[in-house]
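Chain by chain, the residues run as shown.
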Amino acid sequence: EVQLVESGGGLVQPGGSLRLSCTASGFTFSSYAMSWVRQAPGKGLEWVSAINNGGGTTNYADSVKGRFTISRDNAKNTLYLQMNSLKPTDTAVYYCAKWPESWVPPNSGTYYSLYDYWGQGTQVTVSS
């Protein structure tokens, strides 16, 4: 059974940092690309970042570029999202999602129906 379990969310002040983790099981983690996707209150899904299976290629939404860093540790079956300089507009539930191939092609991260597995999400709240 495939499982994706996010952790690391919480309440942080503007300008602060958080690191999210997504622990995967039930599939060969090192074979597949992964993404982070978020959903702000009352809004739709927003793709945040993607990483290829080996971790050497990454992409970011313009809204987080330069502030967020996606990474993975294939030995630990874990995906990460380091979030710095957080803003109130980053408040959302953050999901990790598995892409069915080794790389998410540019401009394809928003095709949410193509992801085959999702985690349950972790809440990030940025507020003073």
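Residues numbered from 1 in each chain as written. Predicted model: local features only at pLDDT ≥ 70, side-chain atom pairs only at ≥ 80, totals over all residues. Heavy atoms only, no water.

Brief notes about the packing of aromatic side chains
Inference 1: The tally for this structure, following the rule as stated, stands at 6 aromatic pairs.
Inference 2: When the centroid spacing of 6.0 Å and the interplanar angle of 65° are considered together, the rings of F27 and Y32 count as edge-to-face.
Inference 3: Residue class for F27 comes out buried when judged on its relative accessible area of 15%.
Inference 4: Through pairs of rings, three or more aromatic residues link up here, namely Y95, W99, Y112, Y115 and W118.
Inference 5: Sitting above the plane of the F29 ring, R72 keeps its charged end 4.2 Å from the centroid.
Inference 6: Of note, K98 hangs over the ring of F27, and the distance from its end group to the ring centre comes to 5.4 Å. (Phe/Tyr/Trp six-rings, centres within 6.5 Å; stacked < 30°, edge-to-face > 60°. Buried < 20%, exposed > 50% of the residue type's maximum accessible area, 1.4 Å probe, protein only. Lys NZ or Arg CZ within 6 Å of the ring centre and 35° of its normal.)

A word on the pairing of strand β4 (residues 34–39)
Inference 1: With 5 of its 6 residues buried, β4 lies for the most part within the structure.
Inference 2: In this sheet, strand β5 (residues 45–51) lies alongside β4 in antiparallel orientation, the contact comprising 6 bridges. From the neighbouring strand, Q39 faces β5, where its bridge partner is L45.
Inference 3: As consecutive antiparallel partners, β4 and β5 are separated by 5 residues, and within that stretch G42 has a phi angle of approximately 75°, a positive value.
Inference 4: Pairing geometry for β4 and strand β9 (residues 92–98), over 6 bridges, is antiparallel. Bridge assignment links R38 to a residue of β9, and that residue is Y94. (Helix = DSSP H or I, 4+ residues; strand = E, 2+ residues; numbered from the N terminus. Pairing = 2+ DSSP bridges.)

Regarding the pairing of strand β8 (residues 78–83)
Inference 1: Across the 6 residues of β8, 5 count as buried, placing the element largely inside the fold.
Inference 2: Bridge count between strand β3 (residues 18–25) and β8: 6 bridges; the pairing is antiparallel. Bridged to C22 within β8 is L79.
Inference 3: As paired strands, strand β7 (residues 68–73) and β8 are joined by 6 bridges and run antiparallel to one another. When the sheet's bridge partners are listed, D73 is paired in β8 with T78.
Inference 4: Remark: 4 residues form the turn of the hairpin made by β7 and β8, two consecutive strands paired antiparallel; N77 in that turn has positive phi of roughly 55°.

Let's talk about the pattern of salt bridges
Inference 1: The final tally for this structure, using the stated rule, is 5 salt bridges.
Inference 2: Ionic pairing is found between K98 and D116, a salt bridge with its closest N-O pair at 2.9 Å. Of the two residues, K98 sits in strand β9 while D116 sits in the loop between β9 and β10 (117–118), which places them 18 residues apart along the sequence.
Inference 3: Residue classification places K98 among the buried positions, given a relative accessible area of 4%.
Inference 4: Taking relative accessible area as the criterion, D116 reaches 34% and is therefore assigned partly exposed.
Inference 5: One salt-bridge network, in which partners are shared between bridges, spans R38, E46, R67 and D90. (Salt bridge = Lys/Arg side-chain N within 4 Å of Asp/Glu carboxyl O.)

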